[in-house]
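Examining the three-dimensional arrangement
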Amino acid sequence: MSAAPDGSPDTPAPEPAAGQGPAWVPSDLDLEHRPTVSPGKIVTGVLSLLLVVAVLVWGLPWVVGVNWAQIGAALAAVPAWAPIAVALLGLLALALEALTVRTAVDGARYPSALLGQTASAGMGLALPGGSVLGLGLLGWILRRSGITVVVIVTGIIAASLVEMVITSILVPLLGLGAYALSSWLAPTGVSLPGALWAGLVAVLGAVLALALTVIVLRRRVLTRLLRRFGELIPSRYAAVILAQRDALILLLRRRAAALLLPTLAARAAQWVALLLAIEAVGAEVPLLLTVAVFALGRVLSLVPVTPGGAGISETVLAAALVGLGVAAAEAAAAMMLMLVATLVVPLLAGAISIAVSATLPARRGHSSSASSS
């Protein structure tokens, strides 16, 4: 009898047959087919895009108190380097996120991870609820590169947990800390309406979700849950879940830094894009407060009204910049620049990746090892 990663007794999974995946993987758990988007999803996506446009066209000027002629004038005064710089930073963020996927999926090549991650990100922004479809698309692309299903599933779960820790917990905490420190250092204090409560709610929700995840991932707890729901979960699926859990824990322990750092760097690249956008319109915002504004934007990106919070984030952040003393037209122009890095680039890169992935031949001769290096 072997020991599981947490020290509890465990029965080893059956060995795979030659050229096949592990015997405990259900035959219907495969990523052989490309995820399809239903006509209903397409209609919903178009409606969501129209909602984003409506929020930007009517909501943004109304909230900050200017018209599009003034915003257009502010954009026309932006240096030519600014849109290029924020676009490159948007691409850098995608490239760094793909590095996390490459690290999480043992045996994956970086080009496949990049193709899959950009396609997944684009799908998540294009459709309401597109994140699930995006993950399926990522798995399908990795499967076509020859990676086994169990390795892909473990890697996707690990990358998703990393994203939760960085974007939903660490970034809001940094924003709250920067906001509190700025308020303490400023002689008259600073006001960022709603930022404190939005950050607290986001952090508490994410911490609760992470805590529940950690509890469920304890092998004894998970085993008891599987036994309790034995009538709903067939024994072969229970074996899959436990084996995936063990592989996930081992991966997180061995590669924690390599998983966390690229995603953290991706968020830093997006923050730099915000700094450049503010600089490009000629505004001045204390550095600590830019961290708070960025964190507020990441919190708002979790709001499910529009995919990725597009339109809503930019409108609220423009109002926040106005509250910090930035002229209304310049604040709106800065957010339109930021939109290039957070929406336009991921959508275009995702569309290209989806198109390219459909043309690439599958590599069925290669099989990735499930072991972690």
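Shown above is the structure to which this text applies.
Each chain carries its own residue numbering, running from 1 in the written order of its sequence. Whole-chain, interface and lining totals are the exception, using all residues; otherwise, since this is a predicted model, local features are given only for residues with pLDDT of at least 70 and side-chain atom pairs are given and counted only at 80 or more. Side-chain calculation: all heavy atoms of the structure are included, whereas hydrogens and water are not.

**Quick look at the pattern of salt bridges**
To be explicit about the condition: Should a side-chain nitrogen of Lys or Arg be within 4 Å of a carboxyl oxygen of Asp or Glu, the pair is scored as a salt bridge. By the criteria applied, helices consist of DSSP H or I runs no shorter than four residues and strands consist of E runs no shorter than two, each listed in order from the N terminus. We call a residue buried when its accessible area falls under 20% of the maximum for its residue type, exposed when it is over 50%, and partly exposed in between, using a 1.4 Å probe and counting protein chains only.
Overall, the coordinates contain 3 salt bridges when judged by the stated rule. Among the ionic pairs, Glu97 bridges to Arg267, the shortest N-O distance being 2.3 Å. Taken together, the residues span a long stretch of sequence, with Glu97 in helix H3 (residues 81-104) and Arg267 in helix H10 (residues 256-280) at a distance of 170 residues. For the pair Glu97 and Arg267, one class covers both residues: buried. Across the salt bridge formed by Asp106 and Arg255, the nearest N and O atoms sit 3.3 Å from each other.

**Observations regarding a positive patch on the surface**
Heads up, the condition is: For patch detection, residues must exceed 30% relative accessible area and be free of salt bridges, and they are connected within 9 Å for like charges or within 5 Å for nonpolar side chains (Val, Leu, Ile, Met, Phe, Trp, Tyr). Calculation of accessible area relied on Shrake-Rupley with a 1.4 Å probe; when residues are assessed, cover is drawn exclusively from the protein chains displayed. The sign given to each residue is positive for Lys and Arg and negative for Asp and Glu; His and the chain ends receive no count. A charge is said to be at NZ when it belongs to Lys, at CZ for Arg, at CG for Asp and at CD for Glu.
A cluster of basic residues, Arg218, Arg220, Arg224 and Arg227, forms a positive patch at the surface. Structurally, Arg220 can be placed in helix H8 (residues 219-228).

**Remarks on the packing of helix H4 (residues 110-126) against helix H5 (residues 130-144)**
Short version of the rule: Axis definition: a line fitted to C-alpha atoms, over the contacting stretch in the case of helices. Angles run 0 to 180 degrees between N-to-C directions. We call two directions roughly parallel when the angle between them is under 35 degrees, roughly antiparallel when it is over 145, roughly perpendicular when it lies between 65 and 115, and oblique otherwise. Two helices that cross are described as forming a left-handed crossing if the nearer one is turned anticlockwise from the farther one by less than a right angle, and a right-handed crossing if clockwise. Here, two residues are considered to be in contact whenever any of their heavy atoms come within 4.5 Å of each other. Three residue categories are used. Nonpolar comprises Ala, Val, Leu, Ile, Met, Phe, Trp, Tyr, Cys and Pro, charged comprises Asp, Glu, Lys and Arg, and polar comprises the others, including Gly.
Across the interface, H4 lies against H5 with an axial gap of 7 Å and an inter-helix angle of 160°. Between H4 and H5, the angle falls in the class roughly antiparallel. Two packed elements cross with a definite hand, and for H4 against H5 that hand is right-handed. Mapping the contact onto sequence places Ser112, Ala113, Leu115, Gly116, Gln117, Ala119, Ser120, Met123 and Gly124 in H4 and Gly130, Ser131, Leu133, Gly134, Leu135, Leu137, Leu138, Ile141 and Leu142 in H5. Looking at the contact of H4 with H5 residue by residue, the classes come out as 10 nonpolar, 8 polar and no charged.

**What to know about a nonpolar patch on the surface**
Nonpolar side chains collect at one region of the surface, where Leu49, Val53, Val57, Trp58, Trp68 and Leu75 lie side by side and expose about 570 Å² of accessible area between them. Contributing elements (two or more residues each) for the nonpolar patch: helix H1 (39-64) and helix H2 (68-76). Tracing the sequence through the fold places Val53 in helix H1. Accessibility expressed as a relative area gives 42% for Val53, which makes it partly exposed.

**A short note on the side chain of Ser112**
For Ser112, the location among the structural elements is in helix H4. Ser112 sits in the buried class, given a relative accessible area of 10%.

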